[in-house]
Amino acid sequence: MALSESVTTCLSPAVHYMICELGFEKTETYDINNIVSENGEVHWQAITDHVFYLESDQTVDYIKSVRSLGPVCESVNLHFKSMTKEQFVAQYALWFQWTNYTELFLEVFDVLQYTQTTEIALGLMKLTSCLERALGDVYLLIGKDCPFLLRDLLISEELAVIFGQAVMNVLRIFIGSPYGLNLRNVLWHGFASPEEIPVKYCAMLLFLTAGLGQLLQTYLLQTKCILIHRPYVTFINLEELNIFPLNHETLSLAEELVKLSSFVLKMMLPFWLAALTAFRQDRYADCMILLLPQLEAGLRRLFTATNKCPNRLLTAEVSLCIKSMLAKHLNNEEINQLPLVLEEPAMASILKEFLWDFLNHQEGPRVRDHLSHGEINLKTFPREVANQIVAFAVTLLCRFSDEDVIAFKEHVVIKPLINCASCYCSQFHPISRLKKQVLECMKSIHLWSELPIVPEEQVQAIKGFEGNAEASVFVLKILEILSQLHQYNPQNCYGSNDPVNSDQTDRLLTELCVMRICTLYSPRSVLEILVVFRKIITQCHQVSGQVIASLELRYKQWINKTLRSRQRQNYLRMLNSIKFLLPMLRLVMVLVTLELVNIYLIDKKNAFDYQQYLKFLKSILQYTENLVTYTNPEKNKWDETMELTNKALTKIKSFSDKKLMLMQLAT
């Protein structure tokens, strides 16, 4: 099967009627001079008079309101079409400044002149995201925590105070309510095709945005307030996102694949082609805005087909989003069949882990969220992010193509994408982030041995200082614990029995961190444990940084002979304490990483009590938090550090003994 031709619309009958028909039922025209003055001042009452309310509860009657506003929207559309760019700029450009992106709205005006349906839809998606961001900035003039969802923002008392309730009701008819036109959601979630979005609604939202700017200026002059724009979100660590190779030849093949793949709905083909064109033209934000909703639409078609719920392909009050499509269970607790239809384990992996990484995980780029809520600077959207999502889309196009296009899958530029998919691992799941933390902390601790310290003979020559002879005994205790821990090392994993030997410990930690651990459908108990693990490693890393800073400073002061007597004694106590602290931090890291590798054995049904286990972990967290305090260069409580470390070692030994006993009983 080539394009999915059996589906002609993803709008339910009610939504299709609302968007494509209702606003065209009244054919009378309105004098534009009653709606806007010659200098571009919006007459809001001429618009709000067309909003109707239900007699029962005085909420908006969306059916009557859309029907009545239809001719108003058409009058505004014709008004804009009759203007030159210079006239539009002169009358309206000033009133878009409150959005912090005037040029975007001027671009939308340009699009209106040509009525290319795909560009209209793109302009509307960009306009609504930018408008949402700007409304959030306005909300913060008098509010504190800006609502995350547009629908909650539009019903807020704060915006009603600033713009007026009647004005906010007009906005909710066009965006933000599932009972109105809901233009933002039907586009951003991939329900509407290019032909299903009337041009006049894009024109009307452009007009309303200017009108909001006029109302806002009046409010700011009256209250003497200053509108502050929140900074954009920026993507960091872009090198971590460089996973799939992509070049112009791949794009050329992709342009052929979209016409053949069953993943693409026929009426959505213009969006796919426009997205690839935008990528070629280095318009990476436009590419993502066009492509992401289509990935959702394609996945929704697969989801509804495999789970035999075709009605969910269409718009509803509660839309089927990517997050719910990737869930383990359906709403009725039955198993989600979507992963099973993928057949190849590699494709199942990339579908779930890649999408969760790039769209959902809190520490990932969350591309769709940031774009759709206007949190990203569209002018500087990074190629690296767009590159990966386009490449991911190509793998899906290949997977859902007929056998007669198998040559595409074996093509020299496509096959590397498929190979990358087969070994893709999550980068932004808490498990993956913990592994990264462990390796970074390991590198930090490794630096201790490279720092200069006072020679031992100079330490012994200091009158009144006595080193602690318990260091060797302490290390022996750690060796015993490590020996126990190694008994539940994964098979073929290198075992270190010398916590002082950094090379052995580093090798063990590295091997543990490269082991693949399932990141999908993690139960709450696992996520709770991961939070504690990550906090422990964060504290260990901070301790390491503080020790390094103190060692460097004190050695320099020692060489320059600027330490007072008490400071010299404290420096020597620090050197002595490090003999305990270094193997202890390594032990904690090994413990956490081994527990991570076995994390799915940790739940409330396991042999040891879950709450007791969590209590133990929190006690280790408390130990590392106290270490941060005691090793702070301003504190230098090294005797207390040694005492604290001995107590923590006793707890770890007790835990290890109990776990070893349970393992022996189990065998």
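Before going into details, it helps to say that this report is about the structure given with it. (Residues numbered from 1 in each chain as written. Predicted model: local features only at pLDDT ≥ 70, side-chain atom pairs only at ≥ 80, totals over all residues. Heavy atoms only, no water.)

1. What to know about the side chain of Thr 304
Thought 1: Along the polypeptide, Thr 304 turns up in helix α14 (residues 284–306).
Thought 2: Classification of Thr 304 by relative accessible area gives buried; the value is 4%. (Helix = DSSP H or I, 4+ residues; strand = E, 2+ residues; numbered from the N terminus. Buried < 20%, exposed > 50% of the residue type's maximum accessible area, 1.4 Å probe, protein only.)

2. Examining the pattern of salt bridges
Pairing between side chains of opposite charge can happen when their charged atoms approach one another.
Thought 1: Across all of its chains, the model carries 21 salt bridges by this definition.
Thought 2: One salt bridge connects Asp 657 with Lys 653, and the closest N-O pair in it is separated by 2.7 Å. Here Asp 657 pairs with Lys 653, and both are found in helix α29 (residues 638–666), just 4 residues apart, close to one helical turn.
Thought 3: Assessed through its relative accessible area of 33%, Asp 657 is described here as partly exposed. (Salt bridge = Lys/Arg side-chain N within 4 Å of Asp/Glu carboxyl O.)

3. Structural notes on the packing of helix α22 (residues 430–446) against helix α27 (residues 565–597)
Thought 1: Contact geometry for α22 and α27: axes closest at 11 Å, N-to-C directions at 160°. What the angle tells us is that α22 and α27 run roughly antiparallel. Considering only the axes of α22 and α27, their crossing is left-handed. Between α22 and α27, the residues in contact are Ile 431, Leu 434, Lys 435, Val 438, Cys 441, Met 442 and Ile 445 and Leu 582, Leu 585, Arg 586, Met 589, Val 592, Thr 593 and Leu 596, respectively.
Thought 2: Broken down by class, the residue content of the contact of α22 with α27 amounts to 11 nonpolar, 1 polar and 2 charged. (Axes fitted to C-alpha atoms, helices over the stretch in contact; angles between N-to-C directions. Parallel < 35°, antiparallel > 145°, perpendicular 65-115°, else oblique. Left-handed = near helix turned anticlockwise from the far one by under 90°. Contact = heavy atoms within 4.5 Å. Nonpolar A, V, L, I, M, F, W, Y, C, P; charged D, E, K, R; others polar.)

4. Looking at α14
Along an α-helix, residues three or four apart share an orientation, since each turn contains 3.6 residues.
Thought 1: Taking 1.5 Å of rise per residue, 23 residues should cover 33 Å, and α14 covers 32 Å from first to last C-alpha, within 8% of that figure.
Thought 2: Of all 23 residues making up α14, 22 are buried, and the element is well covered by its neighbours. (Expected span 1.5 Å × (residues − 1).)

5. Some words on the nonpolar core
Thought 1: Phe 80, Phe 174 and Phe 381 are the most contacted members of the largest nonpolar core, which has 158 residues in total.
Thought 2: Of all the elements, helix α11 (residues 199–223) adds the most residues to this core, at 14 residues.
Thought 3: Each of two domains, domain 1 (13–223) and domain 2 (238–422), supplies a minimum of three residues to this core.
Thought 4: Core analysis: the second largest hydrophobic core is formed by 71 residues, Leu 434, Ile 445, Met 589 and Leu 644 among them. (Core = buried A, V, L, I, M, F, W, Y, C linked by side-chain atoms within 4.5 Å. Domains from an automatic or database assignment.)

6. A word on helix α13 (residues 269–280)
Thought 1: Taking 1.5 Å of rise per residue, 12 residues should cover 16 Å, and α13 covers 17 Å from first to last C-alpha, within 8% of that figure.
Thought 2: Buried within α13 we find Leu 269, Phe 271, Trp 272, Ala 274, Ala 275, Leu 276, Ala 278 and Phe 279.
Thought 3: Residues of α13 that are buried in the fold lie against α6 (117–139), α10 (183–188), α12 (248–257), α14 and α19 (383–399).
Thought 4: Positive backbone phi, at 65°, marks Asp 282, one or two positions downstream of α13.

7. Remarks on the packing of aromatic side chains
Aromatic ring pairs are reported here in terms of the distance separating the ring centres and the angle at which the planes meet.
Thought 1: Enumeration over the complete set of coordinates arrives at 23 aromatic pairs.
Thought 2: The ring of Phe 24 has Lys 200 lying over it, and the distance from NZ or CZ to the ring centre is 3.7 Å.
Thought 3: The aromatic ring of Phe 191 is capped on one face by Arg 300, whose charged end is 3.9 Å from the ring centroid. (Phe/Tyr/Trp six-rings, centres within 6.5 Å; stacked < 30°, edge-to-face > 60°. Lys NZ or Arg CZ within 6 Å of the ring centre and 35° of its normal.)

8. A word on the environment of Gly 190
Thought 1: With respect to the helices and strands, Gly 190 occurs in the loop between α10 and α11.
Thought 2: Overall, Gly 190 belongs to the buried group, its relative accessible area being 0%.
Thought 3: For the pair Gly 190 and Leu 290, spaced 100 residues apart in sequence, the C-alpha to C-alpha distance is 9.1 Å.
Thought 4: With residues up to four places along the chain from it excluded, the contact list for Gly 190 reads Met 268, Pro 293, Gln 294, Ala 297 and Arg 300.

9. What about the environment of Val 167?
Thought 1: Examined against the element boundaries, Val 167 turns out to sit in helix α9 (residues 165–174).
Thought 2: Put simply, Val 167 and Gly 211 are 44 residues apart on the chain and 9.6 Å apart in space, counted from C-alpha to C-alpha.
Thought 3: Residue contacts for Val 167: discarding those within four places in its chain leaves Trp 44, Thr 48, Leu 212 and Leu 215.

10. Re unusual backbone geometry
Thought 1: Positive phi is not limited to glycine here, since Asn 237 has a value of about 50°.
Thought 2: A positive phi is found at Arg 366, a non-glycine position, where the angle reads about 45°.
Thought 3: Exposure remark for Arg 366: the relative accessible area of 13% places this residue in the buried category.

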